[in-house]
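Observations on the model geometry
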Amino acid sequence: MMDEISSHIMDIAANAITAKAKHIEISIMVDTKKSLTTLFFKDDGIGMNDEMVKKVQDPFFSTKTGKKVGLGIPLLKGTAETTGGTFSLTSELGKGVEIQASFRLNHPDLPPIGKLKDTILVLVVGNPEIDFAFRYAVDKSEFIFDTTIIKGLLDGVPVNHPEVVNFIMNYLDEHLQNQID
Amino acid sequence: MNLEELKKIREKAQKDVELRQKGSRIRIVVGMGTSGIAAGARDVLKAFVEEISRRNLNDVIVTQTGERGLASQEPMVEVFEEGKPVVVYGNITVEKAKRLIAEHVVNGNPVSEYAIEVM
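Below or above, wherever it landed, is the structure these notes cover. Computed from a predicted structure; not experimentally measured.

Calculation criteria
- Residues numbered from 1 in each chain as written.
- Chains lettered and ligands numbered in written order.
- Predicted model: local features only at pLDDT ≥ 70, side-chain atom pairs only at ≥ 80, totals over all residues.
- Heavy atoms only, no water.
- Buried < 20%, exposed > 50% of the residue type's maximum accessible area, 1.4 Å probe, protein only.
- Helix = DSSP H or I, 4+ residues; strand = E, 2+ residues; numbered from the N terminus.
- Pairing = 2+ DSSP bridges.
- Axes fitted to C-alpha atoms, helices over the stretch in contact; angles between N-to-C directions.
- Contact = heavy atoms within 4.5 Å.
- Buried area = accessible area lost by both parts, 1.4 Å probe.
- Salt bridge = Lys/Arg side-chain N within 4 Å of Asp/Glu carboxyl O.
- Polar contact = N/O pair within 3.5 Å; in protein donor to acceptor, adjacent residues only side chain to side chain.
- Nonpolar A, V, L, I, M, F, W, Y, C, P; charged D, E, K, R; others polar.

In this section: helix 3 (residues 72-82) of chain A. For helix 3 of chain A, the set of buried residues is Gly72, Ile73, Pro74, Leu76, Thr79 and Ala80 of chain A. Positioned one or two residues after helix 3 of chain A, glycine 84 of chain A has a phi angle of 90°, which is positive.

For the rest of this paragraph, the subject is the sheet that holds strand 4 (residues 87-89) of chain B. Residue and element names in this part refer to chain B. If you walk across this open sheet you meet the 5 strands as 2-1-3-4-5, and the pairing is mixed. Two strands lie at the open edges of the sheet, namely strand 2 (60-65) and strand 5 (115-118), each paired on one side alone. With direction set aside, neighbouring strand axes in the sheet form an average angle of 20°. Here 6 bridges tie strand 1 (residues 26-31) to strand 2, and the two strands are oriented parallel to one another. By the bridge assignment for strand 2, isoleucine 26 is matched with valine 60.

The next thing to look at is the interface of chain A and chain B. Across the contact, 44 residues belong to chain A and 36 residues belong to chain B. In total, about 3400 Å² of surface goes out of reach between chain A and chain B, with carbon and sulfur atoms giving 65% of it. Taken together, the links from chain A to chain B amount to 4 salt bridges. Of the charged contacts, one joins lysine 46 of chain B and aspartate 118 of chain A as a salt bridge, the two residues approaching to 3.2 Å between their closest N and O atoms. The tally of links between chain A and chain B comes to 12 residue pairs in polar contact (both at pLDDT 80 or more). Within the residue set of the side of chain A that touches chain B, elements represented by two or more residues are helix 1 (5-18), helix 3, helix 4 (116-126), helix 5 (147-154) and helix 6 (162-180) of chain A. It is helix 6 of chain A that provides the largest number of residues to the side of chain A that touches chain B, a total of 11 residues. Class assignment of the residues belonging to the side of chain A that touches chain B gives a composition of 23 nonpolar, 14 polar and 7 charged.

And the structure:
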């Protein structure tokens with residue numbers, strides 16, 4: 001089901017949106033020498049207490065309790081650990097959530113990064129009131145997409161204006177596609 | 001292509017921003033919980049975004065929301081239109097999303113065969 005890293009990103013970002021985050025930071029760093037991809041995620045949502053932090057990592061928690069955070073976290077944790085990588089989630093009430101997951105690049109169970117540009121596009125356009133800072137780095141080359149810069153340039157024109165959407169699609173196509181292929 | 005090009009878009013777009021701020025005519029909300037994403041909600045949201053941009057529908061916005069609690073019907077989509085009942089669609093695909101834009105949003109005819117609830 002979560003067959004792409006970018007679907008996992010979509011999912012943890014959806015949790016952050018539910019947790020009323022206003023600023024979400026997402027970095028993917030590919031280190032070919034160490035053969036490791038690291039995903040770093042940070043939001044400024046309502047956060048969780050220690051008990052919740054434990055529970056959201058438990059696959060048997062949540063779907064029936066009415067809590068808003070679901071199976072997504074255990075799935076991401078499972079993917080990271082299956083590939084020989086690591087997973088950590090830290091949070092405090094009122095202080096948002098930080099997630100770091102790493103994946104071994106040469107592991108046969110490593111899912112592809114997948115449609116990262118679609119994930120970025122729908123998050124940015126589908127949540128115009130939230131700021132996103134994306135970073136995708138392969139060794140020393142990096143691509144940064146920060147909506148605070150974009151919104152500054154737009155000066156009041158919404159990011160979900162049809163022409164802006166079209167620009168973002170083309171911009172991501174041009175600047176991100178090559179790095180992922 | 002660089003970010004400076006946004007300034008040109010801004011100048012052009014600022015004219016119709018005033019109009020948008022009065023409120024969008026139609027709001028489309030796509031359920032983006034874990035099960036929705038696993039069922040393809042991201043591609044559905046992208047299809048809406050693309051269609052709206054391609055048709056230059058200035059008075060329509062698409063946003064995302066969390067789990068709707070009906071995993072078997074994901075991806076789920078709600079269409080809010082002022083003065084009209086909310087239509088909830090289930091099992092939406094990219095192709096169905098394009099049809100919803102053409103028939104419901106542009107022509108004003110909800111697509112009853114995809115609707116699972118009208119509120």
